[in-house]
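What the coordinates show
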Amino acid sequence: MTHNQVRARKFAVRRGMRFIESLCASREWVAYLNGGLLHFCGSLARTAIDPWLVARASRLGRLSYQYWQDETGPPLEDASAAEVLEFVRVYSAARALGIRTSRWRPVLRKTARRHKAREYFEFDPQVEPPPSNIPEICRCGQFNARGRRTCINKSCRSRLRMQSRYRIWGMALTVAYCAETCDVELGGRYADALRWLPAMRPYELRAELSKSDFFDTAYAVTHIVYTLNDFGRFLLSPSWLPNEFEFLHDNLESAMVLHDPDLTGELLDTYRAFGVSDDDSKVMRAYDFLIESQNPDGSWGEWDWETVYSAFHATWAAMDGLREFSWKGPRLANPRLMKMLQEMVHDRDGERILK
Ligand SMILES: [Zn+2]
């Protein structure tokens, strides 16, 4: 890693931050980016090394939390499952920003118990693995219940596409992680979602997957890492997650071939979370790819004003791919999960390689 590449990374990340700040000049856009923006700020504020970045992220995070609170107020006892999820996401991000939300949590905990696990996760992780019979929203805009094969809308009746079980699982891990960080129970705990890891391994190779299945698998793997290392706080050992480490190692190149800075960024910071050094040849290529693919306005990815969220997300991911982390560990965010992880480590013949 040359001195020039270190500088180029730092400047690219700062330009990315300025782009996101420019989006947030309007209160309307802050409200639109909402939970994602708070998680972005919380993670930077807690794990970035560059003090400029920490200060900017803390300021923007506190401002956007204030806007959100003015708009939303405290949780109500008759909140819907979707509203409970929003509170859980926002409070989890607020924790990372050092904002106290403890006075609202008793109401949120009570309200959360009024809904079932399926309303939060789309399945019940205590009794079944992530399912593959949950339809995507139909192209006519209709939501369809789990198990339906054709659209219920009489004037449509299209054949429905099913959501990848990896997407369902990645969402469940993330939601359960957020709930646990603010001490709210959603009818299933993080460990209940993580328990299905053996049913999801091994991950199929890029060549065997459609592009969208590849993305869903990749984002599930990155979110296993994020939820186990508290979004960039801790280093992990490859021996705890051998299949996931192998997947990241094997697919970082694929993300660059697809010319996708969002996915490259996520695969890069999760790969580095296993202690891979800046001098690793794949890591260096990925740094160069991200630096070269940054847009003149500081953002990443192809976007227009209809798809601002995707520009925000790609910029977030690329910044995380490039930036320096103040890693601690190696350890798990929740060390009590270690025993479960070790019991799930198998070699290819299904034989246990760790005790
Ligand atoms: Zn339809």
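Everything quoted here is computed from the prediction, not taken from an experiment.

Some points on the overall build of the protein chain
For the protein chain, the helix and strand inventory stands at 15 helices and 0 strands. Rg of the C-alpha trace for the protein chain: 20 Å, near the compact-globule value of 20 Å for 355 residues, within the 12% margin. Taken along the three principal axes of its C-alpha coordinates, the protein chain extends 60 × 55 × 45 Å. When burial is assessed residue by residue, the protein chain has 42% of its 355 residues classed as buried. Within the protein chain, contacts between residues separated by at least 24 positions form 68% of all contacts whose residues are at least 6 apart in sequence.

So, the packing of helix α1 (residues 3–23) against helix α13 (residues 281–292)
The geometry of α1 relative to α13 is characterised by a closest axis approach of 10 Å and an angle of 45° between their N-to-C directions. Of the possible angle classes, the one that applies to α1 and α13 is oblique. Relative to α13, α1 is oriented so that their crossing is left-handed. Contact with α1, carried on its side by Gln5, Ala8, Arg9 and Ala12, involves Tyr287, Leu290 and Ile291 of α13 and no other residues of that element. Looking at the contact of α1 with α13 residue by residue, the class counts come to 5 nonpolar, 1 polar and 1 charged.

Things to note about the nonpolar core
Ranked by internal contacts, the top residues of the largest apolar core, which has 92 residues, are Cys41, Val88, Ala172, Leu173, Val175 and Ala176. Apart from residues no more than four positions distant in its own chain, Ala176 is found in contact with Leu186, Gly188, Arg189, Tyr190 and Ala193.

As for the environment of Leu267
Considering the arrangement of structural elements, one finds Leu267 in helix α12 (residues 261–272). Setting aside residues up to four positions removed in sequence, Leu267 forms contacts with Ala218, Thr222, Leu248, Asn251, Leu252 and Ala255.

Some details on helix α11 (residues 242–257)
Over its 16 residues, α11 extends 24 Å from the first C-alpha to the last, a length consistent with the 22 Å expected when each residue adds 1.5 Å. Note on α11: the residue one or two positions beyond its end, His259, has a positive phi of about 55°.

A word on the confidence of the model for the protein chain
Across the protein chain, the average pLDDT comes to 94, with 97% of residues at 70 or higher. α12 holds the highest mean pLDDT among the elements of the protein chain, 98, whereas helix α2 (residues 27–47) holds the lowest, 92. For the stretch residues 347–355, pLDDT sits under 50, and the model shows 10 contacts to residues farther than four places along the chain or on other chains.

A closer look at the packing of α11 against α12
Between α11 and α12, whose axes approach to 9 Å, the crossing angle comes to 155°. Viewed along their axes, α11 and α12 adopt a mutual orientation that is roughly antiparallel. For α11 against α12, the interelement crossing comes out left-handed. For the pair α11 and α12, the contacting residues are Leu248, His249, Asn251, Leu252, Ala255 and Met256 in the first and Leu263, Thr264, Leu267, Leu268, Thr270 and Tyr271 in the second.

Calculation notes
Residues numbered from 1 in each chain as written. Predicted model: local features only at pLDDT ≥ 70, side-chain atom pairs only at ≥ 80, totals over all residues. Helix = DSSP H or I, 4+ residues; strand = E, 2+ residues; numbered from the N terminus. Rg over C-alpha atoms; globule rule 2.2 N^0.38 Å. Buried ≥ 20, exposed ≤ 12 C-beta atoms within 10 Å, placed from the backbone. Contact = placed C-beta atoms within 7 Å. Axes fitted to C-alpha atoms, helices over the stretch in contact; angles between N-to-C directions. Parallel < 35°, antiparallel > 145°, perpendicular 65-115°, else oblique. Left-handed = near helix turned anticlockwise from the far one by under 90°. Nonpolar A, V, L, I, M, F, W, Y, C, P; charged D, E, K, R; others polar. Core = buried A, V, L, I, M, F, W, Y, C linked by C-beta atoms within 7 Å. Expected span 1.5 Å × (residues − 1). pLDDT = per-residue confidence, 0-100.

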